[in-house]
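Chain residues, written in single-letter form:
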Amino acid sequence: MNAWQAIVLISVGLVGHVILWTALVNRIHGLGVTRWIVDALTLTCGVALVAIPAAMFWDLRIAAGGQFSNVSVAYLALCSLMVVWSAVDRWWLRRGDRNQSLLFGNHTRVLELRATHGAKLLASGVVRCLGSLPGNEVLRVHIHEKQLVVPSLPVALDGLRIAHLSDLHMSGRLSAEYYEAVVESVNEWEPDLVAITGDIVEDAEWIDRAGEILGRLRAASGVYFVLGNHDRKTDHEGIRRVLIAEGQCDVGGRSMELTLRGEQVLIAGNELPWFPMHQEIGGDAAGLRLLLAHGPDQFAWAQQRGFHLMLAGHNHGGQVCFPLIGAIVAPSVSGTRYAGGIFRRGDTLLHVSRGTGSLSPLRWNCPPEIALLTLRTADGR
């Protein structure tokens, strides 16, 4: 192997090395296993991310003639194949799921909370310092008014308005005023339904405050919620109890039916793999079958059961997105495939929120999102 071949192999191989171990971390965090196991496996991947390159260069240093051993060359070759696979996956294989043609309109407004409220919206100390880094969009909430063409939507439900919130992570890192501004923006839109798709409370001390703030949400036909993996780390039964006391509907692991504009609407919740399903989902005759799920990995589950629209979150859009490449980190067994956006399989449409709040105060090229969804029939658009 000549010098140029070695440089190319090392360069591409190291990129593939990062892709490999990041992909493993993403998938570990999409599993519903005990938290300490997730943390232990994540730590193992972090050690491998640093230790393997160090071991290879030590191998190069001590090898005769300054050549990598066969083991190192084989590993770099494997990692190079990961780069090829990642490129094919991102720019070719994912095109089948993405369906921007069903996004009929997207009017975006920006809620510049730093300008109106200042840095006090962030907890003091490290959180505020990180939140003030140049380019950080953690306090630039994008309000997306999207019109979605939903296959098989009854004409009577054309124009139905659903506000989708997800991943609030109420913990004190973002102040109460932040979430109050979110609630006010949703109420101004006057939705028919509000859907909250998990990771609502991060700190048990915030459960009552979360109920007080989110209890101000108003929708003509109700507010519906499911919980996520971070809710499981706190008093999740307490979260359910407080939100139900505020008049909101817990559809986690169950379903309910209501009549809207003369049409039967089924609203169901899927909190897998973190919480079990409590009942079989019926309502086959419903004019609209709406699924709230925390993780977009349940997309196939939704399609198999004939849901027209699935709303999810969990992946935060990646939090940090790079030009051309997009998201790198997404805690999902699907990797970054469903980091955020609109997807379609058969007659099932999936909307994945980038998250309305943040646990980490770092967001670049991936601002928090309030999604205001207007459902349209193919003719109604």
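Our subject is the structure listed above.
All of the points below concern the structure found in this document. Just so we're clear, the structure is a prediction, and the values are computed from it rather than from any experiment.

**Notes on the nonpolar core**
Counting 41 residues, the largest nonpolar core has Tyr178, Ile196, Ile200, Leu214 and Leu217 as its most contacted members. When residues of this core are traced back to their parent elements, those giving at least two are β2 (140-149), β3 (161-165), α6 (176-189), β4 (193-197), α7 (207-214), β5 (223-226), α9 (236-245) and β15 (369-376). Ranked by residue count, the leading element in this core is α6, at 8 residues. Those residues in contact with Tyr178, other than ones at most four positions away along the chain, are Leu113, Leu121, Val138, Leu139, Val141, Thr356, Gly357 and Pro368.

**Regarding the packing of aromatic side chains**
Throughout the structure, instances matching the rule amount to 5 aromatic pairs. Pairing Tyr178 with Tyr179 gives two aromatic rings, centres 5.2 Å apart and planes at 80°, and the pair type is edge-to-face. Residue Tyr178 is classed as buried on the basis of its relative accessible area, which comes to 0%. Exposure remark for Tyr179: the relative accessible area of 1% places this residue in the buried category. Relative to Trp206, the ring of Tyr179 lies with its centre 6.3 Å away and its plane at 65°, an arrangement referred to as edge-to-face. Of the two residues, Tyr179 is situated in helix α6 and Trp206 in the loop between β4 and α7; the sequence distance between them amounts to 27 residues. Exposure class is identical for Tyr179 and Trp206. Each is buried.

**Section: the sheet that holds strand β9 (residues 288-293)**
Spatial ordering of the open sheet is given by β7-β8-β9-β10-β14-β13, a layout of 6 strands whose pairing is mixed. The open sheet terminates on both sides in strands that have one partner only, identified here as β7 (255-260) and β13 (341-345). Put simply, the sheet's adjacent strands are angled 20° from each other on average, direction ignored.

**What about the pattern of salt bridges?**
Enumeration over the complete set of coordinates arrives at 17 salt bridges. Here Glu212 ties to Arg216 by a salt bridge, and the two come within 3.2 Å at their closest N and O atoms. Given a relative accessible area of 34%, Arg216 falls into the partly exposed group. When the shortest N-O distance is used, the salt bridge between Arg241 and Asp235 registers 4.0 Å. Of the residues examined, Arg241 reaches a relative accessible area of 52% and is grouped as exposed. The class for Asp235 is partly exposed, based on a relative accessible area of 37%.

**Remarks on α6**
Between its first and last C-alpha atoms α6 spans 21 Å; for 14 residues at 1.5 Å apiece the expected length is 20 Å, and the two agree. Of the residues flanking the end of α6, it is Glu190, one or two places downstream, whose phi is positive at about 55°.

**A short note on the sheet that holds strand β1 (residues 103-112)**
A sheet is described by the order of its strands in space; here 7 strands give the open sequence β1-β2-β15-β3-β4-β5-β6, paired in mixed fashion. One side of each edge strand has no neighbouring strand; the edge strands of this open sheet are β1 and β6 (249-250).

**Examining helix α3 (residues 70-91)**
Taking 1.5 Å per residue, 22 residues should reach 32 Å; α3 reaches 32 Å between its end C-alpha atoms and fits that length. Within α3, the full set of buried residues consists of Ser72, Tyr75, Leu76, Cys79, Ser80, Met82, Ser86, Asp89 and Arg90.

**Concerning the pairing of strand β10 (residues 309-312)**
A two-sided burial pattern is seen for β10, the buried positions comprising Leu309 and Leu311 on one face and Met310 and Ala312 on the other. Across 3 bridges, the pairing between β9 and β10 is parallel. Note that in β10 the partner of Leu292 across the bridge is Leu311. Taking the sense of rotation as the criterion, the β-α-β connection linking β9, helix α10 (residues 299-304) and β10 turns out right-handed. In terms of strand pairing, β10 meets strand β14 (residues 348-352) through 4 bridges, oriented parallel.

**Considering the packing of α7 against α9**
With their axes 9 Å apart at the nearest point, α7 and α9 run at an angle of 30° to one another. By the angle between their directions, the pair α7 and α9 is classed as roughly parallel. Two packed elements cross with a definite hand, and for α7 against α9 that hand is right-handed. When α7 is examined against α9, the residues Ile207, Asp208, Gly211 and Leu214 are found in contact with a partner set consisting of Gly238, Ile239, Val242 and Leu243.

**Observations concerning the packing of α6 against α7**
Axis separation between α6 and α7 bottoms out at 10 Å; the angle between their running directions is 30°. With respect to their mutual orientation, α6 and α7 come out roughly parallel. Considering only the axes of α6 and α7, their crossing is right-handed. From α6, Ala176, Tyr179, Glu180 and Val183 reach across to α7, where they touch Arg209, Ile213 and Leu214. Among the residues making up the contact of α6 with α7, the classes are represented as 5 nonpolar, no polar and 2 charged.

Calculation notes
Residues numbered from 1 in each chain as written. Predicted model: local features only at pLDDT ≥ 70, side-chain atom pairs only at ≥ 80, totals over all residues. Heavy atoms only, no water. Core = buried A, V, L, I, M, F, W, Y, C linked by side-chain atoms within 4.5 Å. Buried < 20%, exposed > 50% of the residue type's maximum accessible area, 1.4 Å probe, protein only. Helix = DSSP H or I, 4+ residues; strand = E, 2+ residues; numbered from the N terminus. Contact = heavy atoms within 4.5 Å. Phe/Tyr/Trp six-rings, centres within 6.5 Å; stacked < 30°, edge-to-face > 60°. Pairing = 2+ DSSP bridges. Axes fitted to C-alpha atoms, helices over the stretch in contact; angles between N-to-C directions. Salt bridge = Lys/Arg side-chain N within 4 Å of Asp/Glu carboxyl O. Expected span 1.5 Å × (residues − 1). Right-handed = clockwise from strand over helix to strand, strands pointing away. Parallel < 35°, antiparallel > 145°, perpendicular 65-115°, else oblique. Left-handed = near helix turned anticlockwise from the far one by under 90°. Nonpolar A, V, L, I, M, F, W, Y, C, P; charged D, E, K, R; others polar.

Any functional reading would require information that these geometric values do not contain.
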